[in-house]
Structure formats: structure tokens, C-alpha cells
Amino acid sequence: MSFTKIAISGTSSESGKTTLMGQLLRELPEWEAIKMTRGHYRSCGKDPHACCVSDLLGNEPLVRSGFRETFADDKDTGRYWEAGAANVHWVIVTEDQVERGIKLALARVQSPGVLIEGNSFLKYVDVDFSVLVMNTNEKTRIKGSTRWAFEKASALYCSDTAEETSTLFRLKSKYSSDTGKDEVPVYGPADFGKLLARVQHIHELRTGVIGH
């Protein structure tokens, strides 16, 4: 099945990815959502059973789908459901399972479009549009996987402002010369309508139908 794939990646764990995912899902009826969680054994530095996903890691990627398997009030996947997602897929993988995990999840999509939250999967699949989300916190540590996300970014989204931020300056200084990407459209909360229109336009070009 052919469908539109939109990536929502982030420079850090608190960049605002999930909030933007929710906003977009509310405006894109019938779309599905994928949450990528890349874990490591003892990744939290504690007992492996103390980590939120360590006990779920195995020899094969784990993909959970549907309301019963993915809804929780305090989880990102629960927020996707509350925003109106037609279905939610949660992918739990180790570093070397990312490619297989995302492809297994995409094979389950039955809607005209899907929003995918994560960074590392961008190494392995092409998407129709990719948004890199950041905030203005100068002390925020930029994740290593941001290089891939910046390279694939169709647009940048500053979750608390659309102004030139220190985070944006650091991104351009660190990655622009390597990727050859000097100018990328930058959006902020006040520009959400423009970003949504861009996503809808991409979807229309692919499918000929807006908003489905």
C-alpha cells in the first residue's frame, strides 16, 4: 500500500516532538503514528530491569500495534491516540534492529499517511517530508543522531519560537558544511498553519487528496 510518510525528529528528548506530532494528528484525520524507541541493555546505567524498555529488548525488533497494546495515559503513544490517530505502532529496538523494526512497522500501516517520531530510522528509509524539532535551551545536549535528522530535514521547527535560536545556530555551525544544507525553512508555533499546509501539499502531490 502506498502512503505518505512524514518524519518528526528532534535534537533532544525534550525538543517538543510529541507535541508537534499531536498537533499534526489532530489536523490529519485517519493518519497513523509510529513511535521509535531505541534502547540499550543497561542504557540507563542501572539494573537492566530498571530501564523502561530493557526488559522488552530481544533478538528481534518488537512492534506493538493497536489501542490495547500501545495506549497509556502517561506515554507518547497514548497522546497519539488522544490526538486522533487511526492506529499507533510502537517499535522497540536495539541499535542493530532499527532498519528491520521500522520496515516491520511501515508494513502494518493501512492509512493514507503516517507520522513517524524518531531519528535513527532516517538512515534506512526515505520519507516524503522530514521535520527536525528543536527548542531554544542553550544547555540542551544535541543528540548524536541529529546529524542524520538534519541531513534529511525538509524543515526545522523551533518549538517555542521561530526566531534564530542558539540551538539553530549550533546546528548550522556543526552540520551545514558537511551536508551542504545552508538554508532550510524554519517554522515556529505561530507558523503551524504554514507547516501543516506544507505537509498537506506534499500529501496531495503524492496521493491527490488533501487531509486524508
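These numbers come from a predicted model, not from an experiment. (Residues numbered from 1 in each chain as written. Predicted model: local features only at pLDDT ≥ 70, side-chain atom pairs only at ≥ 80, totals over all residues. Heavy atoms only, no water.)

Caption draft 1: Spatial organisation of the packing of helix α1 (residues 17–27) against helix α7 (residues 192–207). The interhelical angle for the contact between α1 and α7, taken along N-to-C directions, is 60°, at an axis separation of 11 Å. Accordingly, the angle class assigned to the pair α1 and α7 is oblique. Both α1 and α7 take part in a crossing whose hand is right-handed. For the pair α1 and α7, the contacting residues are Leu 20, Gln 23, Leu 24 and Glu 27 in the first and Phe 192, Leu 195, Leu 196 and Gln 200 in the second. Partitioning the contact of α1 with α7 into residue classes produces 5 nonpolar, 2 polar and 1 charged. (Axes fitted to C-alpha atoms, helices over the stretch in contact; angles between N-to-C directions. Helix = DSSP H or I, 4+ residues; strand = E, 2+ residues; numbered from the N terminus. Parallel < 35°, antiparallel > 145°, perpendicular 65-115°, else oblique. Left-handed = near helix turned anticlockwise from the far one by under 90°. Contact = heavy atoms within 4.5 Å. Nonpolar A, V, L, I, M, F, W, Y, C, P; charged D, E, K, R; others polar.)

Caption draft 2: Fine view of the packing of aromatic side chains. A full pass over the atoms with the stated rule returns 2 aromatic pairs. With centroids separated by 4.7 Å and ring planes inclined at 15°, the aromatic side chains of Phe 67 and Phe 71 adopt a geometry described as stacked. Phe 67 sits in the partly exposed class, given a relative accessible area of 47%. Ring geometry for Phe 67 and Trp 81: centres 5.4 Å apart, planes at 75°, overall edge-to-face. (Phe/Tyr/Trp six-rings, centres within 6.5 Å; stacked < 30°, edge-to-face > 60°. Buried < 20%, exposed > 50% of the residue type's maximum accessible area, 1.4 Å probe, protein only.)

Caption draft 3: Region of the structure containing the layout of surface pockets. Estimates place the volume of the largest pocket at around 600 Å³. The wall of the largest pocket is formed by 19 residues, among which Ser 13, Lys 17, Lys 35, Met 36 and Lys 143 lie closest to the centre. At the level of secondary structure, the elements contributing two or more residues to the lining of the largest pocket comprise α1 and β2 (32–38). Class assignment for the residues of the lining of the largest pocket results in 1 nonpolar, 11 polar and 7 charged. (1 Å grid on protein atoms, 1.4 Å probe; cavity = no way out; pocket = protein on both sides within 12 Å on 5 of 7 lines; lining within 4 Å. Points joined across faces, edges and corners; volume = space filled by probe spheres on them.)

Caption draft 4: Structural context of unusual backbone geometry. Even without a glycine there, the phi angle at Glu 30 is positive, about 75°. Take Glu 30: it is sitting in the loop between α1 and β2. A residue is classified by how much of its surface remains accessible, and Glu 30, at 44% relative accessible area, is partly exposed.

Caption draft 5: Examining the pattern of salt bridges more closely. Counted according to the given criterion, the structure contains 9 salt bridges. One salt bridge in this structure joins Glu 117 and Lys 35, with 3.2 Å as the shortest N-O distance. Here Glu 117, found in strand β5 (residues 113–117), pairs with Lys 35, found in strand β2; they are 82 residues apart in sequence, far enough to count as distant. Residues Glu 117 and Lys 35 agree in their burial class; the two are buried. Here Asp 126 and Lys 152 are joined by a salt bridge, their closest N and O atoms 4.0 Å apart. (Salt bridge = Lys/Arg side-chain N within 4 Å of Asp/Glu carboxyl O.)

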